[in-house]
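What the coordinates show
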Amino acid sequence: MALVYLHPLPFRSDIWSGFLRNGDGEAIAPDLYQLGDSLEEWAAAVVDLAGAGKHTMVGNSIGGSCAIEIALLIPTRSSASSWSGPCPVIVENRRFGRRRFKR
């Protein structure tokens with residue numbers, strides 16, 4: 001199972017470096033800006049980077065929105081997700097389980 005850390009704007013993945021050094025198992029923290037020009041491109045690229053199997057995502061701000069996109073892309077492979085301040089406008093009217101995220 002991959003643990004995926006997703007950074008907020010305007011920061012980069014190095015904000016998670018302390019977590020990566022202290023964690024057990026497989027963990028990644030990609031720089032989202034290098035993965036494409038949209039939230040959807042970032043989410044698809046993170047899924048590829050994390051590989052097969054289940055994923056646990058930790059996302060802050062736009063990283064939280066990316067975690068939601070990933071959960072929508074691969075709902076059966078998203079074992080857990082923790083979001084802090086995801087942007088609700090980005091996920092407006094998108095289906096996630098039985099809930100709808102709205103502004």
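Everything here concerns the structure above.
Below or above, wherever it landed, is the structure these notes cover. (Residues numbered from 1 in each chain as written. Predicted model: local features only at pLDDT ≥ 70, side-chain atom pairs only at ≥ 80, totals over all residues. Heavy atoms only, no water.)

1. A look at the overall build of the chain
- Broken down by element type, the chain carries three helices and six strands.
- Ordered by position from N to C terminus, the α and β elements of the chain give β-α-β-α-β-α-β-β-β.
- Going through the 103 residues of the chain one by one, you find that 36% of them count as buried.
- Of the roughly 6,000 Å² of accessible surface on the chain, 52% is carried by carbon and sulfur atoms. (Helix = DSSP H or I, 4+ residues; strand = E, 2+ residues; numbered from the N terminus. Buried < 20%, exposed > 50% of the residue type's maximum accessible area, 1.4 Å probe, protein only. Areas by Shrake-Rupley, 256 points an atom, 1.4 Å probe, with all protein chains shown as cover.)

2. Structural notes on the sheet that holds strand β4 (residues 78-84)
- With respect to topology, four strands assemble into an open sheet ordered β2-β1-β3-β4, the strand pairing being parallel. Here the strands that pair on one side only, and so sit at the sheet edges, are β2 (27-28) and β4.
- Here strand β3 (residues 55-60) runs beside β4; their pairing, made up of six bridges, is parallel. Residue pairing for β4: G59 is matched across the bridge by W83.
- Packing against the sheet, helix α3 (residues 62-73) makes contact with β1 (2-6), β3 and β4, and its axis sits at approximately 150 degrees to β3. (Pairing = 2+ DSSP bridges. Contact = heavy atoms within 4.5 Å. Axes fitted to C-alpha atoms, helices over the stretch in contact; angles between N-to-C directions.)

3. A closer look at unusual backbone geometry
- Following L9, the chain continues into P10 via a peptide bond in cis, with omega recorded as 0 degrees.
- Topologically, P10 is positioned in the loop between β1 and α1 (17-22).
- The residue S61 is not glycine, and still its phi comes out positive at about 60 degrees.

4. Brief notes about the packing of helix α2 (residues 39-50) against α3
- In the contact formed by α2 and α3, the axes pass within 9 Å of each other and the chain directions differ by 65 degrees. Between α2 and α3, the interaxial angle falls into the category roughly perpendicular. Where α2 crosses over α3, the handedness of that crossing is right-handed. Contacts from L39, E40, W42, A43, A44, V46 and V47 of α2 reach α3 at I62, S65, C66, E69, I70 and L73. (Parallel < 35°, antiparallel > 145°, perpendicular 65-115°, else oblique. Left-handed = near helix turned anticlockwise from the far one by under 90°.)

5. Examining the pairing of β1
- For β1, the tally of buried residues reaches four of five residues, placing the bulk of the element in the interior.
- The pairing of β1 with β2 spans two bridges and is classified as parallel. Its bridge partner being in β2, L3 is matched across the sheet by A27.

6. Considering α3
- Here α3 spans 16 Å end to end across 12 residues, near enough to the 16 Å set by a 1.5 Å rise per residue.
- The buried count for α3 comes to 10 of 12 residues, which makes it a mostly enclosed element.
- When α3 is considered as a whole, its buried residues turn out to be I62, G63, G64, S65, C66, A67, I68, E69, I70 and A71. (Expected span 1.5 Å × (residues − 1).)

7. Digging into the nonpolar core
- Counting residues in hydrophobic clusters, the biggest one holds 17 residues, and the most contacted among them are V4, L6, L32, W42, V46, C66 and I70.
- Broken down by secondary-structure element, the contributors of at least two residues to this core are β1, α2 and α3.
- Element by element, the count of residues in this core is highest for α2, at six residues.
- If we skip the residues at most four places from it in the chain, V4 touches I28, V46, A50, T56, M57 and V58. (Core = buried A, V, L, I, M, F, W, Y, C linked by side-chain atoms within 4.5 Å.)

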